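Letter by letter, the chains look like this.
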Amino acid sequence: MAVEQFSSPLWVYDFGVIEKRILELRSFDVIRYAQKASPNINLLSKMGGLGLEVDAVSAGEIVRALRAGFSPSRIKYTADVFDKDALALVKEHSIPVNIGSPDMLWQLHEAGVKVPLTIRINPGFGHGHSQKVNTGGELSKHGVWHGELDALVKKAMQLGFSVDCLHMHIGSGSDFEHLSQVVSAMESMVPVACKSLKTISVGGGLPVSYKRGEQNNMDLEKYYNMWDSSRKRISNIVGHAVQLEVEPGRYLVAESCVLATEILAVKKMGNNLFYLVNAGFTDLVRPAFYGAYHHISIIPKKSKELGELVDVIVAGPLCESCDVFTQEEGGVVVSRKLPLAKVGDLLVIHDAGAYGSAMSSNYNSRLLAPEILWEKGEFTQIRKRQTFEHMLNNEVCNE
Ligand SMILES: *Cc1c(COP(=O)(O)O)cnc(C)c1O
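Residues numbered from 1 in each chain as written. Predicted model: local features only at pLDDT ≥ 70, side-chain atom pairs only at ≥ 80, totals over all residues. Heavy atoms only, no water.

Engineer: Can you help me understand the overall build of the protein in this one?
Structural biologist: Looking only at helices and strands, the protein has twelve helices and 20 strands in total. At 23 Å, the protein has a C-alpha radius of gyration in line with the 21 Å of a compact globule built from 399 residues. Projected onto the principal axes, the alpha-carbon positions of the protein cover approximately 70 × 55 × 40 Å. When the 399 residues of the protein are sorted by exposure, 53% land in the buried category. Taking all contacts inside the protein whose residues are at least 6 apart in sequence as the whole, residues at least 24 apart take part in 68%. For the protein, the exposed surface amounts to about 18500 Å²; the carbon and sulfur share of it is 51%. Taking the average place of the 41 positive charges on the side chains of the protein and the average place of its 45 negative ones, the gap between the two points comes to 2 Å. (Helix = DSSP H or I, 4+ residues; strand = E, 2+ residues; numbered from the N terminus. Rg over C-alpha atoms; globule rule 2.2 N^0.38 Å. Buried < 20%, exposed > 50% of the residue type's maximum accessible area, 1.4 Å probe, protein only. Contact = heavy atoms within 4.5 Å. Areas by Shrake-Rupley, 256 points an atom, 1.4 Å probe, with all protein chains shown as cover. Lys, Arg positive; Asp, Glu negative; His and termini not counted. Charge placed at Lys NZ, Arg CZ, Asp CG, Glu CD.)

Engineer: In this structure, what is going on with unusual backbone geometry? I would like to understand it.
Structural biologist: For residues besides glycine, phi is generally negative; the peptide bonds are generally trans as well. Cis peptide bonds are those with omega within 30 degrees of zero, and the linkage from Ser-8 to Pro-9 qualifies with 0°. With respect to the helices and strands, the residue Pro-9 is situated in the loop between α1 (2-6) and β1 (10-14). Even without being glycine, Ser-7 reaches a positive phi, approximately 60°. Tracing the sequence through the fold places Ser-7 in the loop between α1 and β1. Using a relative accessible area of 35% as the deciding quantity, one classes Ser-7 as partly exposed. One non-glycine residue, Ser-365, lies in the positive phi region at around 50°. Here Ser-365 lies in the loop between β18 (346-349) and β19 (371-375). Accessibility expressed as a relative area gives 46% for Ser-365, which makes it partly exposed.

Engineer: Please clarify how the side chain of Asp-351 should be interpreted in this entry.
Structural biologist: Its location among the elements puts Asp-351 in the loop between β18 and β19. At a separation of 3.0 Å, a polar atom in the side chain of Asp-351 contacts the side chain of Arg-212. Those residues in contact with Asp-351 that sit more than four places away from it in its chain are Ser-209, Tyr-210, Arg-212, Ala-254, Glu-255, Cys-257 and His-294. (Polar contact = N/O pair within 3.5 Å; in protein donor to acceptor, adjacent residues only side chain to side chain.)

Engineer: Explain the nonpolar core to me, please; I cannot follow it from the model alone.
Structural biologist: Nonpolar side chains in soluble globular proteins generally cluster together in the buried interior. Formed by 104 residues in total, the largest nonpolar core has its most connected members in Tyr-77, Val-97, Leu-108, Leu-166, Tyr-223 and Tyr-275. Looking at this core element by element, the count peaks at seven residues for helix α8 (residues 176-189). Core analysis: the second largest hydrophobic core is formed by eight residues, Val-3, Leu-10, Val-12 and Ala-260 among them. (Core = buried A, V, L, I, M, F, W, Y, C linked by side-chain atoms within 4.5 Å.)

Engineer: How do you make sense of the packing of aromatic side chains when you look at a structure like this?
Structural biologist: Geometrically, a pair of aromatic rings is defined through the distance of the ring centres and the angle of the planes. Applying the stated rule across the entire model yields six aromatic pairs. Note on Trp-374 and Phe-379: the rings are 4.7 Å apart at their centroids and 45° apart in plane angle, and the pair reads as tilted. Across from the ring centre of Phe-15, 5.6 Å away, lies the NZ or CZ of Lys-46, which sits over that ring. Above the ring of Phe-176, the side-chain terminus of Lys-222 is found at 4.6 Å from the ring centroid. (Phe/Tyr/Trp six-rings, centres within 6.5 Å; stacked < 30°, edge-to-face > 60°. Lys NZ or Arg CZ within 6 Å of the ring centre and 35° of its normal.)

Engineer: I'm lost on the pattern of salt bridges in this one. Help?
Structural biologist: When the charged atoms of two side chains lie near each other, side chains of opposite charge can form a pair. In total, this model carries 15 salt bridges according to the counting rule given. Close ionic contact of Arg-21 with Glu-255 constitutes a salt bridge, the shortest N to O distance being 3.0 Å. Note that Arg-21 is positioned in helix α2 (residues 15-24) and Glu-255 in the loop between α10 (250-253) and β11 (257-269), a separation of 234 residues in sequence. For the residue pair Arg-21 and Glu-255, the accessibility class agrees, reading buried in each case. The partner of Arg-32 in a salt bridge is Glu-245, with the nearest N and O atoms 2.7 Å apart. Taken together, the residues span a long stretch of sequence, with Arg-32 in strand β2 (residues 30-34) and Glu-245 in strand β10 (residues 243-246) at a distance of 213 residues. Assigned by exposure class, Arg-32 and Glu-245 land together as buried. (Salt bridge = Lys/Arg side-chain N within 4 Å of Asp/Glu carboxyl O.)

Engineer: When you look at helix α5 (residues 84-93) in this model, what are you seeing that I'm missing?
Structural biologist: Because an α-helix completes one turn every 3.6 residues, residues spaced three or four positions apart along the sequence face the same direction. Restricting attention to buried positions, one finds in α5 the residues Ala-86, Leu-87, Leu-89 and Val-90. Viewed end-on, α5 has its buried residues packed into an arc of 165°, placing them on one side of the element. Looking at α5, the residues exposed on the side facing more than 90 degrees away from the buried face are Lys-84, Asp-85 and Glu-92. (Arc of directions from axis to C-beta.)

Engineer: Help me out: how do you make sense of the site of the ligand in this one?
Structural biologist: Close contacts around the ligand come from 14 residues, with Lys-36, Gly-205, Glu-247, Arg-250 and Tyr-355 the closest. Here an oxygen atom of the ligand sits 2.7 Å away from a polar atom, N or O, in the main chain of Arg-250. For the ligand, whose free accessible area comes to 390 Å², the fraction covered by protein is 90%. The residue makeup of the shell around the ligand, split by class, is three nonpolar, six polar and five charged. (Near = heavy atom within 4 Å. Nonpolar A, V, L, I, M, F, W, Y, C, P; charged D, E, K, R; others polar.)

Engineer: Mind showing me how you'd approach the packing of helix α4 (residues 59-67) against α5 here?
Structural biologist: A packed helix pair is summarised by two numbers, namely the angle formed by the two axes and the spacing between the axes. Their axes nearest at 8 Å, the elements α4 and α5 cross at an angle of 35°. Contact with α4, carried on its side by Ala-59, Ile-62, Val-63 and Leu-66, involves Asp-85, Ala-86, Leu-89, Val-90 and His-93 of α5 and no other residues of that element. The class makeup of the residues in the contact of α4 with α5 is seven nonpolar, one polar and one charged. (Axes fitted to C-alpha atoms, helices over the stretch in contact; angles between N-to-C directions.)

Engineer: Help me out: how do you make sense of the packing of helix α6 (residues 102-110) against helix α7 (residues 149-158) in this one?
Structural biologist: For the pair α6 and α7, the least separation of the axes is 11 Å and the interaxial angle reads 5°. Regarding the angle of α6 to α7, the classification is roughly parallel. Facing α6, whose interface residues are Pro-102, Leu-105 and Trp-106, α7 presents Leu-152, Lys-155 and Ala-156. In terms of residue class, the contact of α6 with α7 is made up of five nonpolar, no polar and one charged. (Parallel < 35°, antiparallel > 145°, perpendicular 65-115°, else oblique.)

Engineer: Would you mind showing me how to read the environment of Met-104 here?
Structural biologist: Mapped onto the secondary structure, Met-104 falls in helix α6. Taking relative accessible area as the criterion, Met-104 reaches 1% and is therefore assigned buried. Here the alpha-carbon distance between Met-104 and Asp-80, two residues 24 residues apart in the chain, equals 7.6 Å. Residue contacts for Met-104: discarding those within four places in its chain leaves Tyr-77, Ala-79, Asp-80, Val-81, Phe-82, Val-97, Asn-98 and Ile-99.

Limitation: the analysis is restricted to geometry and does not speak to function.
Structural data, given as structure tokens:
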């Protein structure tokens, strides 16, 4: 068992799951992994080996992609702003850019950088399970407002840029009625003048079923077919063939990873039973952040049999009352039916691969947990447990 070898808390990835999800998306001409979902360079380089391209939303993500062996042309910097480091890296390596604000065009021009451009469109409406993940509309900061697209494309062309790709990341999930609105918005916004257009990027946002027993994942064939027909109509508008690109984060990695924790305390609070484990929202923040649901299971340390099912609240070690894994949106703490467990038993939090380790922090001076890859019957460490020394590395003691 990985926990015996590496102790807990511990992220354990199964690369076979990622590979399976990649294969399902093979009909798209380009699969661009949105690495922010889970950016370990070991995962990135394996995905690169399977032909994927990669998205980078910051200077640090460009560095990761380069370190993982992606050639610059297979990286795309997608953001609404440049900071100094990002602009310098884009310039140094000639990395294609997906522009989310018109200012970025002027900044590229001023820096004397000529790279292939994508423009991210805000079509004027969005979608998302909470305002925190909504990616379109007047309240969203993402993308170029649709009414300004034509002028920006013209300006880019005048400045000598080629606008290769138009991009929308709205994330309709499995809501196909909404998706058809997104598809028609994309078609209606393609500027006829955009002769250099090579690719339509449909963004990410493909959903994953976190609850057991829910119908698994989405109808990918239908999703592909809707975009494929749209691509054909767009080809007619611009007068040549265009490619289809998809940009999933969550879909590729969510189910590939569990967060293995150990139960440190079992206690009653009035009528409620609590399991306190050795991981908190410093490891997995999704429940505290969005009230996200994760399936939980127990592996007893000593006995072979699971205890009877009881109602439990599962919480972490942090000095923060929202450090609870069983909560709903708005911070409502709820209980979960789990086997009766003892101190020392393992508690496994499932489907933690997307926005799990990636969102971890050092709050409460807790160390970042190690990451382990399970592949072909073997566990390999792909990130070591952080050390206290490393945590304190940049702090300066001025006596
Ligand atoms: C976050 C992000 C994605 C991936 O979103 P998922 O919901 O994880 O699929 C794709 N594209 C862009 C531009 C993003 O910011």
